[in-house]
Amino acid sequence: MLQIEIDNGSGFCFGVTTAIRKAEEELAQGGILYCLGDIVHNGMECERLKEMGLITINHNELRQLHNAKVLLRAHGEPPETYELARLNNIDIIDATCPVVLQLQKRIRENYEQRITNLADDARSPQNPDSFSKDCNQGCLVRNPQIVIFGKKGHAEVLGHVGQTDGNAIVIETFDDVKKLDFSRDIYLYSQTTKSLDEFHRIIEYIQEHKEPETVFRSFDTICRSVANRMPRITQFAARHDLILFVCGRKSSNGKVLFNECLRVNANTHLIETPEEIDVRWLDDARTVGICGATSTPKWLMEQCRDFICKNIS
């Protein structure tokens, strides 16, 4: 008899749970509620909330919106989004994950300190209230690099880059680190859902290649809600014949966790809906493990289990 297990450690993280709860509470009060971007990288959950009345908009549509209520999802937003909301008299329901908010604050403080230091260096000794053009140009050459390990264009990463007025450098993979200027200071941060192992590889590479006089600081900003799932999901994937990883294909942490499952169990399939399950996958399986990302609702994994039960003889 086929055994099916749903991973108890899979499902929404704290940040996503909070964002969805806030959306449900606001929708229950009536009125129109907009959400800036998909509230979670899972199409079926987005559709469920759409049926409850949630209207998803993009940044271009936000610019045309006035006197409305808008929810900001867990990924966070850059400062200009808040300024636009103020100008357009938009009531913000801020569901940014606390971990992301703390990271934004750290990056902003670091960036502002760098600007202050450059300004102090650039002041002309003859006129301390003005800036020396030549000195300022020299200081810009020495301007430290604020580097974010993350996916370019990802909502969270855009929020972090916004804290630096667009001046942060984004590296997506280990190979990208080789493009940094190792003669300049480097301050390294990470998108909260990136791989901890790859982040440590990047740190080691920078330490080995930076010039002796340059300053390098790294800040481990990876969310443990994601990182701690890695060893658990590794064990889970290894003990089953077949793994169904339920995840929206736009989910960043989902890709990381799926690849880990695939690494330890070649018989791993990524699916978004129960209908994507090919019953032929079950032919030689005695045990099936169903797991997912921090953006995967438990009810969806349960639907996948029920689909299997209905379609096996």
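Keep in mind that what you see is a predicted model, and the values were worked out from it rather than measured.

Re unusual backbone geometry
Consideration 1: The phi torsion at Asn-67 lies on the positive side, around 55°, for a residue other than glycine.
Consideration 2: Looking at the element boundaries, Asn-67 is found in the loop between α3 (59-63) and β4 (69-72).

A few points about helix α10 (residues 229-238)
Consideration 1: Taken together, the buried positions of α10 are occupied by Arg-229, Met-230, Ile-233, Thr-234, Phe-236 and Ala-237. Buried residues of α10, seen end-on, are gathered within an arc of 165° and therefore sit on one face of the element. Opposite the packed face of α10, turned more than 90 degrees from it, sit the exposed residues Gln-235 and Ala-238.
Consideration 2: Buried residues along α10 sit against β1 (3-6), α9 (224-227), β12 (242-246), α11 (252-264) and β14 (287-292).

Thoughts on the packing of helix α1 (residues 14-28) against helix α2 (residues 43-52)
Consideration 1: Where α1 meets α2, the closest approach of the two axes is 10 Å, and the angle between their N-to-C directions is 15°. For the element pair α1 / α2, the angle class is roughly parallel. Crossing of α1 against α2: the hand is left-handed. Residue-level contacts link Ile-20, Glu-24 and Leu-27 of α1 to Glu-45, Arg-48, Leu-49 and Met-52 of α2.
Consideration 2: Its residues placed into classes, the contact of α1 with α2 shows four nonpolar, no polar and three charged.

Comments concerning helix α4 (residues 79-87)
Since one α-helical turn is 3.6 residues long, residues separated by three or four positions face the same way.
Consideration 1: Within α4, burial applies to Thr-81, Leu-84 and Ala-85. Taken down its axis, α4 places every buried residue within 100° of arc, on the same side. Facing away from the buried side of α4 by over 90 degrees, the exposed positions are Glu-80, Arg-86 and Leu-87.
Consideration 2: Against β2 (33-36), α3, β4 and β5 (91-94) lie the buried residues of α4.
Consideration 3: One or two positions beyond α4, positive phi appears at Asn-89, with a value near 55°.

Section: the sheet that holds strand β9 (residues 169-171)
Consideration 1: A sheet is described by the order of its strands in space; here four strands give the open sequence β9-β8-β10-β11, paired in parallel fashion. Whereas interior strands pair on both sides, the edge strands pair on one side only; in this sheet they are β9 and β11 (216-218). Taken over all neighbouring pairs, the strand axes of this sheet differ in orientation by 20° on average, direction set aside.
Consideration 2: Looking at chain direction, strand β8 (residues 145-149) and β9 are connected through three bridges and run parallel. When the bridges of β9 are listed, Phe-149 appears paired with Ile-171.
Consideration 3: Along the sheet, helix α8 (residues 196-209) makes contact with β8, β9, β10 (186-190) and β11, crossing β10 at roughly 175°.

Quick notes on the packing of aromatic side chains
Consideration 1: All chains considered together, the criterion is met by five aromatic pairs.
Consideration 2: Pairing Phe-149 with Phe-199 gives two aromatic rings, centres 6.4 Å apart and planes at 15°, and the pair type is stacked. Separated by 50 residues along the polypeptide, Phe-149 in strand β8 and Phe-199 in helix α8 bring together distant segments of the chain. Of the two residues examined, Phe-149 and Phe-199, each falls in the buried class.
Consideration 3: With centroids separated by 6.0 Å and ring planes inclined at 55°, the aromatic side chains of Phe-182 and Tyr-205 adopt a geometry described as tilted. Of this pair, Phe-182 sits in the loop between β9 and β10 while Tyr-205 sits in helix α8, and the two are 23 residues apart along the sequence. Side by side, Phe-182 and Tyr-205 carry an identical accessibility label, which is buried.
Consideration 4: Above the face of the Phe-174 ring, Arg-201 is positioned so that its terminal group lies 3.9 Å from the ring centre.

Here we look at the pattern of salt bridges
Consideration 1: Applying the stated criterion across every chain, the model contains 19 salt bridges.
Consideration 2: For Arg-21, the salt bridge is made with Glu-25, and the minimal N-O distance between the two is 3.3 Å. Of this pair, Arg-21 and Glu-25 both sit in helix α1, four residues apart, which is roughly one turn of the helix.
Consideration 3: The exposure class of Arg-21 is partly exposed, given its relative accessible area of 39%.
Consideration 4: A salt bridge links Lys-69 to Glu-26, with the shortest nitrogen-to-oxygen separation between them at 3.1 Å. Pair noted here: Lys-69 is in strand β4 and Glu-26 is in helix α1, with a separation of 43 residues, a long-range link.
Consideration 5: Each of the salt bridges in this network shares a partner with another, and the network as a whole consists of Glu-24, Glu-45 and Arg-48.

What to know about the confidence of the model for the protein chain
Consideration 1: In this model, the protein chain carries an average pLDDT of 90, and 92% of its residues clear a pLDDT of 70 or more.
Consideration 2: Per-residue pLDDT stays below 50 along residues 127-141; that stretch engages in 16 contacts with residues further than four places along the chain or on separate chains.

Some details on the pairing of strand β3 (residues 54-57)
Consideration 1: Two strands pair when backbone bridges link them, and β2 and β3 are joined in this way by four bridges, in the parallel orientation. What sits directly across from Tyr-34, in β3, is Ile-55.

Cut-offs applied
- Residues numbered from 1 in each chain as written.
- Predicted model: local features only at pLDDT ≥ 70, side-chain atom pairs only at ≥ 80, totals over all residues.
- Heavy atoms only, no water.
- Helix = DSSP H or I, 4+ residues; strand = E, 2+ residues; numbered from the N terminus.
- Buried < 20%, exposed > 50% of the residue type's maximum accessible area, 1.4 Å probe, protein only.
- Arc of directions from axis to C-beta.
- Contact = heavy atoms within 4.5 Å.
- Axes fitted to C-alpha atoms, helices over the stretch in contact; angles between N-to-C directions.
- Parallel < 35°, antiparallel > 145°, perpendicular 65-115°, else oblique.
- Left-handed = near helix turned anticlockwise from the far one by under 90°.
- Nonpolar A, V, L, I, M, F, W, Y, C, P; charged D, E, K, R; others polar.
- Pairing = 2+ DSSP bridges.
- Phe/Tyr/Trp six-rings, centres within 6.5 Å; stacked < 30°, edge-to-face > 60°.
- Lys NZ or Arg CZ within 6 Å of the ring centre and 35° of its normal.
- Salt bridge = Lys/Arg side-chain N within 4 Å of Asp/Glu carboxyl O.
- pLDDT = per-residue confidence, 0-100.

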